[in-house]
Each structure stands twice: as structure tokens, then as C-alpha cells.
Amino acid sequence: PGMLVSPTLFHNSVHNAAVGYWCIATGNHQASTSIACHDFTFPAALLKGAVQASQEQRPVLVAVFDCPLPEPLHSKRLIQDPMAVAFVLSPATGPQSVAQLQVGWAASDSPDQESEPLLSDLSALQNGTPAGRALPLLSCLARGRTAVVSLRYPDNGRLTVGVDPC
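Analysis parameters
Residues numbered from 1 in each chain as written. Predicted model: local features only at pLDDT ≥ 70, side-chain atom pairs only at ≥ 80, totals over all residues. Heavy atoms only, no water. Phe/Tyr/Trp six-rings, centres within 6.5 Å; stacked < 30°, edge-to-face > 60°. Helix = DSSP H or I, 4+ residues; strand = E, 2+ residues; numbered from the N terminus. Buried < 20%, exposed > 50% of the residue type's maximum accessible area, 1.4 Å probe, protein only. Salt bridge = Lys/Arg side-chain N within 4 Å of Asp/Glu carboxyl O. Pairing = 2+ DSSP bridges. Axes fitted to C-alpha atoms, helices over the stretch in contact; angles between N-to-C directions. Contact = heavy atoms within 4.5 Å.

1. As for the packing of aromatic side chains
Counted under the stated rule, the structure contains two aromatic pairs. Taken together, a centroid distance of 5.0 Å and an interplanar angle of 90° make the contact between W105 and Y153 edge-to-face. Of this pair, W105 sits in strand β3 (residues 99–107) while Y153 is found in strand β4 (residues 147–153), placing the two residues 48 residues apart along the sequence. Residue Y153 is classed as buried on the basis of its relative accessible area of 18%.

This is the structure:
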């Protein structure tokens, strides 16, 4: 109460500020979308990017990042460690493609079932930050293995990602 909010502090607190700054700095005039979906931000962004790449038949950059929040937000939403991940999703494979991804949807009442076990040191990062939900997919890509990764989504849904290395 009685505390004035600086316009600069407010501007930097909205979740689309980072992409706005990046677009200004790089001169990017392409469309951008900012998604905030609590613990489900990574699968929501991946789904949005995959649909957009497929429908528009052009590459799409999907970038997800989290960092510890300042108070009073920190006490309400604990994010342990900073993490960022980015993918370029393309509607067709090319010489720099790492894998073909098949993105699908499934309903499920079961807990997370990871296709690729993570090192125990990474489980805290996976569970402690929304961007960490990308780690099972990153593990498959790094190992160059064919697999299906299941990512939890709201309302007992699952985003399934089939990984077929190129």
C-alpha cells in the first residue's frame, strides 16, 4: 500500500518483455508469441511452435526460460535455478536437422513416465523450474535415440513427442 510502481520495473515484469527486447536488439520483425502456463510452459510452447511450423510451413524458434523471481513473487512461486532451452522447429528436415519430432496428444491419469532416465543431479532442475521439463527431450536428442517422451499437460493431458534421430 502506498508504494509507487516504477514504469520501468512494471514493463520488465511482464513475461513478453524478453522477446520484445530481443526483437528490438536483433531487428527482428517476425511475429512472436509469449506463453506462460505455470509448470506446463515448455510443453505448451513446444505444441504451439510445432503447430505453427506445420501450418505456416516455415521454421519457428521456440525458446523457454526461467529464472528465480524477486520477492514477493519468489515466496509464492519458487524457481530454484535459472534454465533456458531453445529449439528451431522446421516443417522439413535439412542438413542441420538433429531429429524428426512427432508431436501428439494423449489423455492420461498416470504420473510422469519418462522414456529416458535422467541423472539424479538433474531431477531437481527438472522438477524445480518449468523450463526443466525439457530435460527428458534434451536427453533423447543428446543420446541420438529413437524414443517417445511424455510431457505432463493440464487436466490430465500429455504431450507426446516421438524422437527419430536424423
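2. Some words on the pattern of salt bridges
Counting across every chain of the model gives three salt bridges. D39 is the salt-bridge partner of R77, the closest N and O atoms lying 2.2 Å from each other. Placement of the pair is R77 in the loop between α4 (73–76) and β2 (83–89) and D39 in the loop between α2 (17–26) and α3 (41–56), with a sequence separation of 38 residues. What makes R77 partly exposed here is its relative accessible area of 21%. With a shortest N-O distance of 2.7 Å, R58 and E56 are connected by a salt bridge. For R58, a relative accessible area of 26% corresponds to the partly exposed category.

3. With respect to the sheet that holds β3
In spatial order, the strands read β3-β5-β4; together these three strands make up an open sheet with antiparallel pairing. The outermost strands of the open sheet, each flanked by one partner alone, are β3 and β4. Shown here is a sheet whose adjacent strand axes are inclined to one another by a mean of 20°, direction ignored. Looking at chain direction, β3 and strand β5 (residues 157–165) are connected through nine bridges and run antiparallel.

4. Things to note about the environment of L151
Following the sequence through the fold, L151 ends up in strand β4. The sequence separation of L151 and W105 amounts to 46 residues, and the corresponding C-alpha distance is 9.7 Å. Leave out the neighbours within four places in its chain, and L151 touches F42, P43, L46, R133, G157, R158, L159 and V161.

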